[in-house]
Amino acid sequence: MIKFLDLQAINHQYRHELLAACASVIDSGWYITGNALSRFEEEFAEYCGVRHCIGVANGLDALILTLRAWKELGLLSEGDEVIVPANTYIASVLAITENRLVPVFVEPDAHSLNLSPANVEAAITSRTRALLPVHLYGRLADMPELMAIAERHHLLVLEDSAQAHGASLDGRRAGSWGHASGFSFYPGKNLGALGDAGAITTNDDKLAETLRALRNYGSHEKYKNLYKGVNSRLDEIQAAMLSVKLRYLDRQTAHRRQIAQTYLTEVDNPLIQLPAWENEEQHVWHLFVVRSQRRQALQEYLQKAGVQTLVHYPIPPHKQESYRDYSELSLPLTEAIHEEVLSLPMGPSLTLDEVRVVVKALNSFK
Ligand SMILES: *Cc1c(COP(=O)(O)O)cnc(C)c1O
């Protein structure tokens with residue numbers, strides 16, 4: 001069976017370095033907010049090309065806490081509208097509603113499947129305060145256009161970069177375009193920890209300071225609490241794992257691009273629609289997502305041929321039970337996407353020979 005993603009094989013490649021990094025944390029005697037975290041924060045800020053990186057417990061917290069910090073700073077208040085692509089992963093929406101802000105779902109761009117600048121512009125009201133573009137599947141959203149809209153309408157921009165570590169446009173990476181950006185280092189993400197972890201990147205000093213307090217009980221100074229904060233810290237062991245894996249991220253991305261190129265040039269079947277792709281740097285191929293009107297049959301066919309696939313995602317947020325208040329919204333493109341998408345095997349340990357087996361199976365599907 002060709003696995004969708006083989007985490008064991010991926011991490012096995014760095015086993016010695018990971019063990020050594022782990023041992024150095026064990027021996028340090030310091031396990032929360034210590035040198036390993038500060039080091040990773042500096043390295044990842046530099047990687048993204050921003051002044052600050054603030055490690056937190058996971059990607060959802062990165063998004064929740066950024067919106068929360070903007071509320072504490074008086075830039076957002078309850079009931080404000082945040083525009084989000086309707087076809088995103090549920091976490092982007094949870095971050096909005098957790099803060100008692102109002103998600104405004106807009107249809108994505110039909111070509112890129114990312115937030116559509118035209119649809120954003122049409123959705124702006126007097127209550128709109130922020131945009132939450134998601135670099136879905138690893139493809140950087142149209143940030144130049146979205147930032148121009150945000151500037152015209154005085155909106156905050158929070159990038160959801162959970163799937164796009166290292167994706168760039170005009171030499172600027174995901175995480176450096178918006179006023180802030182949330183990253184996830186969930187094990188299956190392009191930069192994955194060996195447990196849960198996340199971070200926020202920003203160039204805003206005041207926001208960074210607020211986030212450092214919020215993640216640690218709302219405290220800048222031990223036993224003094226400025227905010228009603230939370231406990232959401234990236235621990236030393238995970239920070240040390242991430243410093244090791246960050247060194248290999250670009251090499252892994254290059255391999256993902258090679259796999260994507262193979263699929264793009266060799267898959268040839270009118271029943272299968274390939275993803276849009278323009279610019280090499282813009283896409284880090286967290287997922288390679290094809291579309292088919294016969295998705296279920298295709299998935300079963302591939303399974304029989306020994307190829308594991310997944311669906312990202314089967315149900316859009318506005319059709320989830322938890323968001324039943326939004327179930328009447330008419331979002332036909334989003335709904336079609338969720339019915340048609342299928343994610344092919346993709347990852348740094350997948351070999352090109354395996355990719356060719358997948359291609360062959362795809363091309364023989366009738
Ligand atoms: C994974 C993911 C998140 C959440 O990250 P966690 O670390 O799992 O909390 C948020 N948004 C998107 C688009 C994601 O893919």
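Just so we're clear, the structure is a prediction, and the values are computed from it rather than from any experiment.

Cut-offs used in this document
Residues numbered from 1 in each chain as written. Predicted model: local features only at pLDDT ≥ 70, side-chain atom pairs only at ≥ 80, totals over all residues. Heavy atoms only, no water. Patch = residues over 30% accessible without salt bridge, like charges linked within 9 Å, V, L, I, M, F, W, Y side chains within 5 Å. Areas by Shrake-Rupley, 256 points an atom, 1.4 Å probe, with all protein chains shown as cover. Salt bridge = Lys/Arg side-chain N within 4 Å of Asp/Glu carboxyl O. Helix = DSSP H or I, 4+ residues; strand = E, 2+ residues; numbered from the N terminus. Core = buried A, V, L, I, M, F, W, Y, C linked by side-chain atoms within 4.5 Å. Buried < 20%, exposed > 50% of the residue type's maximum accessible area, 1.4 Å probe, protein only. Contact = heavy atoms within 4.5 Å. Axes fitted to C-alpha atoms, helices over the stretch in contact; angles between N-to-C directions. Left-handed = near helix turned anticlockwise from the far one by under 90°. Nonpolar A, V, L, I, M, F, W, Y, C, P; charged D, E, K, R; others polar. Near = heavy atom within 4 Å. Polar contact = N/O pair within 3.5 Å; in protein donor to acceptor, adjacent residues only side chain to side chain.

**Student:** Quick question: what am I supposed to make of a nonpolar patch on the surface here?
**Tutor:** Together, Ile 26, Tyr 31 and Ile 32 make up an exposed nonpolar region whose accessible area comes to about 290 Å². Inspection of the secondary structure puts Tyr 31 in the loop between helix H2 (15-28) and helix H3 (35-48).

**Student:** Help me out: how do you make sense of the nonpolar core in this one?
**Tutor:** Across soluble globular proteins, nonpolar side chains show a tendency to be buried alongside one another. Leu 67, Trp 70, Tyr 137, Tyr 263, Phe 288, Leu 302 and Leu 362 are the most contacted members of the largest nonpolar core, which has 65 residues in total. Ranked by residue count, the leading element in this core is helix H4 (residues 59-72), at 7 residues. When near neighbours in sequence (up to four residues on either side) are disregarded, Phe 288 contacts Ala 260, Tyr 263, Leu 264, Leu 274, Pro 275, Leu 342, Ser 343, Leu 344 and Met 346. In terms of nonpolar packing, the next biggest core, distinct from the first, is built from 28 residues, Ala 21, Cys 53, Phe 185 and Val 244 among them.

**Student:** How should I be thinking about the packing of H2 against helix H9 (residues 236-246) in this particular structure?
**Tutor:** Any two packed helices are characterised by how steeply their axes cross, that is the angle between the axes, and by the distance between the axes. Axis separation between H2 and H9 bottoms out at 9 Å; the angle between their running directions is 145°. Classified by chirality, the crossing of H9 by H2 is right-handed. Here Glu 17, Leu 18, Ala 21, Cys 22 and Val 25 of H2 come into contact with H9, specifically with Glu 236, Ile 237, Ala 240, Met 241, Val 244 and Lys 245. A class-by-class count of the residues in the contact of H2 with H9 yields 8 nonpolar, no polar and 3 charged.

**Student:** Quick question: what am I supposed to make of the site of the ligand here?
**Tutor:** Around the ligand, the neighbouring residues are Asn 58, Gly 59, Leu 60, Tyr 89, Ala 91, Val 134, Asp 160, Ala 162, Gln 163, Ser 184 and Lys 189. Contacts to the ligand include Leu 60, whose backbone N or O atom sits 2.9 Å from an oxygen atom. Within the side chain of Ser 184, an N or O atom sits 2.6 Å from an oxygen atom of the ligand. Its free accessible area being 380 Å², the ligand has 90% of it covered by the protein chains. Class assignment for the residues of the shell around the ligand results in 5 nonpolar, 4 polar and 2 charged.

**Student:** Please clarify how the pattern of salt bridges should be interpreted in this entry.
**Tutor:** Two side chains with opposite charge may pair up if their charged atoms get near one another. All told, the structure shown has 15 salt bridges when counted by the stated rule. When the shortest N-O distance is used, the salt bridge between Arg 247 and Glu 17 registers 2.9 Å. Remark: Glu 17 occurs in helix H2 and Arg 247 occurs in the loop between H9 and helix H10 (249-266); sequence separation between them is 230 residues. Look at Glu 17 and you get partly exposed, because its relative accessible area is 28%. Two residues, Arg 212 and Glu 41, come together in a salt bridge whose shortest N-O distance is 3.2 Å. Pair noted here: Arg 212 is in helix H8 (residues 205-214) and Glu 41 is in helix H3, with a separation of 171 residues, a long-range link. For Arg 212, a relative accessible area of 30% puts it in the partly exposed group.

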